[in-house]
Amino acid sequence: MSLDELVDVYWQDIAPKRYRDGFDEDRDVPTYNWLTEHGYSGIAYALREHHDLTPKQFFVAIVGLEDEESEGWEWNVDHDATVNALEAYLTSIETRGGRAESTVETHRTRLAKWVRTYRELHGADALLEPLSELDQQPREIERCLAVLDVFDEELSTDRSKLEYLHVARAWYAFVKRRKYAKYNPLAEAGEEFGWEASEPDPKALSALQVRRIYSEVDSPEAELLVVALAGWGLRPSEVAALHVEQVALESEDPHLSFGDGERKNGPGEVTLLYGVDVVADRIDALTDRETWNGYLFPSRSSSTGHVSASTIRRRFKQLADSAGVVVDGETPTPKMGRRFWYSAYQEAVGEVLEGLEGVAEDQGSSSTEVVLRNYLSREQERKARRRRMYEKLETAFGQ
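Residues numbered from 1 in each chain as written. Predicted model: local features only at pLDDT ≥ 70, side-chain atom pairs only at ≥ 80, totals over all residues. Heavy atoms only, no water.

**Focus on the nonpolar core**
In terms of nonpolar packing, the biggest core is built from 47 residues, with Leu205, Ile213, Trp232, Leu234, Leu256, Leu296 and Phe397 touching the most fellow members. Mapped onto this core, the elements with two or more residues apiece are helix H9 (207-214), helix H10 (220-231), helix H11 (236-240), strand E2 (255-258), helix H12 (276-287), helix H13 (309-323), helix H14 (334-354) and helix H17 (378-397). In terms of residue count, H10 provides more of this core than any other element does, eight residues in total. Aside from chain neighbours lying at most four places away, what touches Ile213 is Leu205, Val226, Phe316, Leu319, Ala320, Ala323, Val325 and Pro332. (Core = buried A, V, L, I, M, F, W, Y, C linked by side-chain atoms within 4.5 Å. Buried < 20%, exposed > 50% of the residue type's maximum accessible area, 1.4 Å probe, protein only. Helix = DSSP H or I, 4+ residues; strand = E, 2+ residues; numbered from the N terminus. Contact = heavy atoms within 4.5 Å.)

**A closer look at the pattern of salt bridges**
The final tally for this structure, using the stated rule, is nine salt bridges. Between Lys161 and Asp152 there is a salt bridge whose closest N-O contact spans 2.9 Å. Between Arg282 and Glu221 there is a salt bridge, with the nearest N and O atoms lying 3.7 Å from each other. Highlighted residues: Arg282 in helix H12 and Glu221 in helix H10, separated in sequence by 61 residues. Of the residues examined, Arg282 reaches a relative accessible area of 6% and is grouped as buried. (Salt bridge = Lys/Arg side-chain N within 4 Å of Asp/Glu carboxyl O.)

**Notes on the sheet that holds E2**
With respect to topology, three strands assemble into an open sheet ordered E1-E2-E3, the strand pairing being antiparallel. The open sheet has two free edges, formed respectively by strand E1 (247-248) and strand E3 (268-271), since each of these has just one partner strand. Pairing of E1 with E2 involves two bridges; the strand directions are antiparallel. When the sheet's bridge partners are listed, Val247 is paired in E2 with Leu256. (Pairing = 2+ DSSP bridges.)

**Digging into the packing of aromatic side chains**
Between two aromatic rings, the relevant description is the distance of the centres plus the angle of the planes. Counting across every chain of the model gives 13 aromatic pairs. Here Trp114 and Tyr172 contribute two aromatic rings whose centre-to-centre distance is 6.2 Å and whose plane-to-plane angle is 80°, an arrangement assigned as edge-to-face. With Trp114 in helix H6 (residues 101-122) and Tyr172 in helix H8 (residues 158-177), this pair connects stretches of sequence that are 58 residues apart. Summarising the aromatic geometry, the rings of Trp341 and Tyr345 are spaced 5.1 Å apart at their centres and angled 10° between planes, so their arrangement reads as stacked. Here Tyr345 and Trp341 lie together in helix H14, a separation of four residues that amounts to about one turn. (Phe/Tyr/Trp six-rings, centres within 6.5 Å; stacked < 30°, edge-to-face > 60°.)

**Remarks on the pairing of E2**
Linking E1 back to E2 in an antiparallel pair, the connection comprises six residues. Strand direction decides the pairing type here: E2 and E3, joined by four bridges, are antiparallel. Each residue of the ladder has a partner; that of Leu256, found in E3, is Val270.

**Looking at the side chain of Lys113**
In this fold, Lys113 is placed in helix H6. By relative accessible area, Lys113 is classed as buried at 13%.

As structure tokens, then:
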């Protein structure tokens, strides 16, 4: 999962359990033992392997929970007036606004991301300077909208996007009230995007529901569509644009390759633990076409050469309708298939760690994660994780 998807896991799944256990879910950082006891040990692995973070760093710096041992904060901004305005805003919402300290730190984290993204896009971190002259307003509005465009691509839910917009807009409103600025470049920015605050939390399909949908496929194309969404965890846009050059089936590690700009999470590979025969059969069938353009879901009527993401969504929902699968009274969407993959993967990692509990006890290790890191090779760990995940996919897709 991306960091924003892991943040969603915290607020949607972990935080309610923390509250029921008597913790302050907005302030108290979960321990590794607590995460393990409640089935979230896989998060520590994901953070270490894919984001170079410890759980504590994630919960404090990314989620925004309180860290009583933290010392100061570096904005990494080379403009004193902007730093002073950022700190003055945080002090104001805490002392005059009565915000909890954890809320203040959440605002700090989101403002830091705003400043960092602005600097990366525009090569400047003196955010106050363009706000002093009204004739710069149109250009500065465009700069700020460009930052929101990045958030629109990077953040996983409308709710997350709106939360970042709310904090940044509140800071600009503050500096305008204090007369450090003559205008708020984000005053009407919400009108530019179709973000919905009431966006429901994404649900995950169960293995049985995936199996029922898969049983409705009536063509190699439909079979590949369901496998790509729920068996590989791809987004509809990624499925629509799949190209034969991305597919590597000859190696010992079959996978899909994504270049820079092809995937929200950045360049990388998606391992094909299941469905290699499905994509191979699809490629064989398409190769016989004289006019094939290399896309696994080609379209003659589209300027891109492949079907649209909306077509993938529509076809998936049609299969779900035929299977009679319903989630919360609604026809499931491809996002729920993707959520199935992530849920299954998290369970697989957790089961691998649970299997090491005896080893940890015999070695006197403080946790199974220590055993995983110090006593198993990367290849052993990888094989164990994939074996568990394959079993879960076999349950959903096996004949």
